[in-house]
Amino acid sequence: MAQEFDVVVIGAGPAGYVAAIRCAQLGLRTACVDKWINKQGKPALGGTCLNVGCIPSKALLESSEHYHSAVHDFPRHGIKAKDVKMDVAAMIGRKDEVVLKLTGGIEMLFKANKIHWAKGHGRLLANRQVEVTPVDGKGEPEILQAANVILASGSTPMEIASAPLDGKRIVDSTGALEFTEVPKRLAIIGAGVIGLELGSVWNRLGSKVVLLEAQDKFLFHTDQQIAKEALRQFTKQGLEVRLGARVMSAKANPKSVTVQFKDSEGDHKLQVDKLIVAVGRRPYTDNLIAPEADILLDEKGFVHVDEDNRANQPGIYAIGDVVRGPMLAHKGSEEGVKVAEIIAGGHGHVNYEAIPLVIYTAPEIAWVGKTEEQLKGTGVPYRSGAFPFAANGRALAMDQAVGMVKILAHAETDRVLGVHIIGPMASELLQEAVLAIEFEASAEDLARTIHAHPGLGETIHEAALAVDKRALHKAN
Ligand code: FAD
Ligand code: AMP
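Residues numbered from 1 in each chain as written. Chains lettered and ligands numbered in written order. Predicted model: local features only at pLDDT ≥ 70, side-chain atom pairs only at ≥ 80, totals over all residues. Heavy atoms only, no water.

1. Re helix H11 (residues 426–438)
Note: α-helices contain 3.6 residues per turn, so residues at a spacing of three or four share the same orientation. Here is the rule: Elements are defined by DSSP. Helices are runs of H or I of four residues or more, strands are runs of E of two residues or more, and each kind is numbered from the N terminus. By this rule, a helix spans an expected 1.5 Å times one less than how many residues it contains. To sort residues, take the accessible area from a 1.4 Å probe on protein chains only and compare it with the maximum for the residue type: under 20% means buried, over 50% means exposed, and anything in between is partly exposed. Note on contacts: a residue pair is in contact if any heavy atoms of the two residues lie within 4.5 Å.
With 13 residues, H11 ought to run about 18 Å at 1.5 Å a step, and its terminal C-alpha atoms sit 18 Å apart, in line with that. For H11, the full list of buried residues reads Ala426, Ser427, Leu429, Leu430, Ala433, Val434, Ala436 and Ile437. Residues of H11 that are buried make contact with strand S18 (357–359), strand S19 (364–369), strand S22 (416–423), helix H12 (443–447) and helix H13 (458–467). Among the residues trailing H11, Glu440 stands out with phi positive, at a value near 55°.

2. What about the state of the cysteines?
The condition is simple: For the purposes of this analysis, a disulfide is any pair of cysteine sulfur atoms at a distance within 2.5 Å.
Counted according to the given criterion, the structure contains 1 disulfide. Disulfide pairing is shown between Cys49 and Cys54; the S-S distance is 2.4 Å. The disulfide joining Cys49 to Cys54 has a torsion of about -130° about its S-S bond and is therefore left-handed. Judged by its relative accessible area of 29%, Cys54 falls in the partly exposed class. Here Cys23 stays unpaired: no disulfide links it, and the sulfur of Cys32, its closest cysteine neighbor, is 9.7 Å away. For Cys32, a relative accessible area of 0% translates into the label buried.

3. Some remarks on the sheet that holds strand S9 (residues 185–189)
As a reminder of what qualifies: Any two strands between which DSSP finds at least two bridges are classified as paired.
Spatially, the 5 strands line up as an open sheet ordered S8-S15-S9-S10-S11, and their pairing is parallel. Of all the strands in the sheet, just strand S8 (170–171) and strand S11 (240–242) have a single pairing partner and so form its edges. Where S9 and strand S15 (residues 274–277) come together, 4 bridges link them in parallel fashion. Counted as the bridge partner of Ala187 is Leu275 from S15.

That is the geometry; function is a separate question.
This is how it looks when you write it as structure tokens:
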């Protein structure tokens, strides 16, 4: 007899595990199927984000930032530190500890919420049955019968034929979190979010980093005023960004990698120690859906869903990276909560206009809402106000007075349409801007809100004042 559940979730990343927890909180009998095997060879919850994505990358960014700061910034603060050295193994070990703490935490939450964790590969069959096959191939497949199924199988790195991975010298983002020493020369294909974050880690530790980006514009989906400032800062840090670069071939040799690429200046050859391929991610649906389940995928391979994340068959939902929308952990988690509420008979809702986006470089880049280019493109009348961190006391005290906050507000209603930040702690500052957009605040609302002094948040206050040309600490 198949075990019966109200909900079976396939995938325990931030979309799936959050969906499972909310379903259980709402009194639904819930199972979550996942096949992840971690670095220690054990089944682990948390998916890409906790195991090889958001969390480990932030752990390495933090460590590398401390090292860089100790070498380059301490003297300005009057601190003399001799012989500062980087122990890469210790850095990777700390990263692994953080990952284990968090993935173990999800396991405890599953126990506390009485969620059945089915360890193995899940496959959706007809009539909302899910077949679970043990990852090691030992033991018989088990069948779970569900009233509802949530597909949350996530995404996987895209590969390109011109740069086949060898797992040693040519690696994807997962491999780039496991280098055992600092590569002297490092090339990265793709100057997107992941390429820039990983490039920053190894650049800070001493690698000579070259990013090869196919697009002619840097961070083409970001507000271009912010992108220009970012490129200026990254170039100053020694990151070499080659735009309009088409990689023709990459070949791993015993001691190096040869990368050939073309750009507007002609053909080039690079010799590096490691190559990271970071050209984006694709929805992961390998062996996820049996033909008889009759689930529609779109032309890019995402599970086709409606606004409520319903797939084309009753009782089947899909959330997170495996469906349309930005591939972000928090977007997937919110969809997980939404779908759980809908299944339990309530109302689920995600405001896709208020999803924060962050690049955790230094300075950080963070934004929510529309870019200036999008507003121009759609003919929406707007006013813009900007304020530089160079005029902010807290940023100066931190010795991190670079970048700016830029607020875009509707020219007639003053409603905040977009907030774009490049600067220290931009990711944390952005939360206020997300709230402003969620609450449909006006720039005037932000301008009339008291911000503690001295604080980085004062830049948001001043940028909001600047929308109305009445910033106090800069000439308007
Ligand atoms: P995933 O996290 O990919 O989880 C899917 C899970 O499903 C996995 O555990 C997988 O094993 C399992 N699975 C798949 N198919 C099956 C099956 N058939 N049977 C059983 N189990 C299955 N996002 C952010 O928001 N912030 C960041 O800072 C950030 N940094 C990132 C850094 C890196 C290096 C990378 C690679 C990604 C980063 N992301 C970040 C993106 C983020 O990791 C993803 O958006 C997020 O993990 C998507 O969540 P998900 O639950 O949809 O899928
Ligand atoms: P993201 O989607 O943020 O992870 O970024 C991936 C980046 O890789 C984008 O900026 C893409 O333009 C870039 N990219 C994709 N394919 C290639 C390629 N073949 N060569 C160089 N860059 C690429």
